[in-house]
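# Fold and geometry: a report
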Amino acid sequence: MARDSKADQVYSVLREEILTGQSRPGESLSVLKMADRFGASRTPVRDAFLRLESDGLVSLIDRQGARVAPISVRGVRELFEIRIILEGSASKQVAEAAAHDHEIRSAFTEFAEKFRAIAREEPSPRRRDRFYALTEAFDQAVIARTRNQRLSRMIADLRPHSARLRILAHAWPDRMDASLPEHLAMCEAIVNSDPDAAASACAAHLINTQKIILAAVLESDSMSVPVDIVGP
């Protein structure tokens, strides 16, 4: 039990550091250094690395440690191809359900009102944090209300990889102000029970996000978030 508990701790901390960019793409993670850092033996550290490898967040390096999975142009494109298909379908399903579900219409009406309120505020770090917390809640609301549970799980499984990239979009100047009307369009399509508009708005948002992330990857030297470019 103690070994499992320590492995859980190492896994949780390292996973969060990878998703938030504190551990940069391509960075080496030493078993010995992590064991010393967490006051653990090497076995729970290796167990944590195995879980992170299963998540696709690291690659193992023999028995010495692991390396944080790099961010590549190809990887970004492939991820967003899948996201556009899956999340567009989920948005469509939620909009269809909204036609006969008052709770869904009410929830996304509230989201729209909150996005409009943020749009009226003056720029500030607090405003930015509130906006991105709201977009996370919006995404979770769509996942929770998608009638196809397999589809929901597939989207949820991709979220760790999306989270690593999202920090690049968040760091891009003016992305927040462009993203606000995109989220409003998605909310309004769901509230209006318009499946095609919901799927279209979702696709437009993801396409724009992908463009920003690719620009961040290709211009990583000028960004505050470190990125290692691997492959075209």
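Residues numbered from 1 in each chain as written. Predicted model: local features only at pLDDT ≥ 70, side-chain atom pairs only at ≥ 80, totals over all residues. Heavy atoms only, no water.

In the nomenclature of an unreviewed UniProt entry, the protein is known as GntR family transcriptional regulator of Nocardia testacea.

Attention now moves to the overall build of the protein. Counting its secondary structure elements, the protein contains nine helices and three strands. For 232 residues, the compact-globule formula gives about 17 Å, and the C-alpha radius of gyration of the protein, at 19 Å, lands near that figure. With respect to the three principal axes, the spread of C-alpha positions in the protein is 55 × 40 × 35 Å. Expressed as a percentage of the 232 residues in the protein, the buried residues total 45%. The contacts in the protein between residues at least 6 apart in sequence include a share of 74% that link residues at least 24 apart. For the protein, the accessible area works out to roughly 12,000 Å², and carbon and sulfur atoms hold 51% of it. On the protein, the mean spot of the 32 positive side-chain charges and the mean spot of the 33 negative ones are 3 Å from each other. (Helix = DSSP H or I, 4+ residues; strand = E, 2+ residues; numbered from the N terminus. Rg over C-alpha atoms; globule rule 2.2 N^0.38 Å. Buried < 20%, exposed > 50% of the residue type's maximum accessible area, 1.4 Å probe, protein only. Contact = heavy atoms within 4.5 Å. Areas by Shrake-Rupley, 256 points an atom, 1.4 Å probe, with all protein chains shown as cover. Lys, Arg positive; Asp, Glu negative; His and termini not counted. Charge placed at Lys NZ, Arg CZ, Asp CG, Glu CD.)

All right, on to helix H5 (residues 102-120) then. Over its 19 residues, H5 runs 27 Å from end to end, which matches the ideal 27 Å to within 8%, given 1.5 Å per residue. For H5, every residue scored as buried is listed here: Ile104, Ala107, Phe108, Phe111, Ala112, Phe115 and Ile118. Seen end-on, H5 carries its buried residues on one side only, within an arc spanning 140 degrees. Set apart from the buried face of H5 by more than 90 degrees, the exposed residues are His102 and Arg120. Where H5 is buried, its residues touch helix H4 (73-98), helix H6 (125-144) and helix H8 (175-191). Sitting at the amino-terminal end of H5 is Asp101, which places a side-chain oxygen 2.9 Å from the backbone nitrogen of Glu103. (Expected span 1.5 Å × (residues − 1). Arc of directions from axis to C-beta. Polar contact = N/O pair within 3.5 Å; in protein donor to acceptor, adjacent residues only side chain to side chain.)

Counted under the stated rule, the structure contains six aromatic pairs. Each ring, one from Phe115 and one from Phe131, has its centre 5.9 Å from the other, and the planes form 65 degrees; the classification is edge-to-face. With Phe115 in helix H5 and Phe131 in helix H6, the pair connects residues that are 16 residues apart, well separated along the chain. Owing to a relative accessible area of 0%, Phe115 belongs among the buried residues under this scheme. For Phe131, a relative accessible area of 0% gives the class buried. Geometrically, the ring pair formed by Phe131 and Tyr132 is edge-to-face, given 5.0 Å between the ring centres and 65 degrees between the ring planes. Tyr132 shares its class with Phe131; the two are buried. An aromatic cluster of at least three residues, connected via ring pairs, comprises Phe108, Phe111, Phe115, Phe131, Tyr132 and Phe138. Taking the ring centre of Tyr11 as reference, the NZ or CZ of Arg51 above it sits at 3.8 Å. (Phe/Tyr/Trp six-rings, centres within 6.5 Å; stacked < 30°, edge-to-face > 60°. Lys NZ or Arg CZ within 6 Å of the ring centre and 35° of its normal.)

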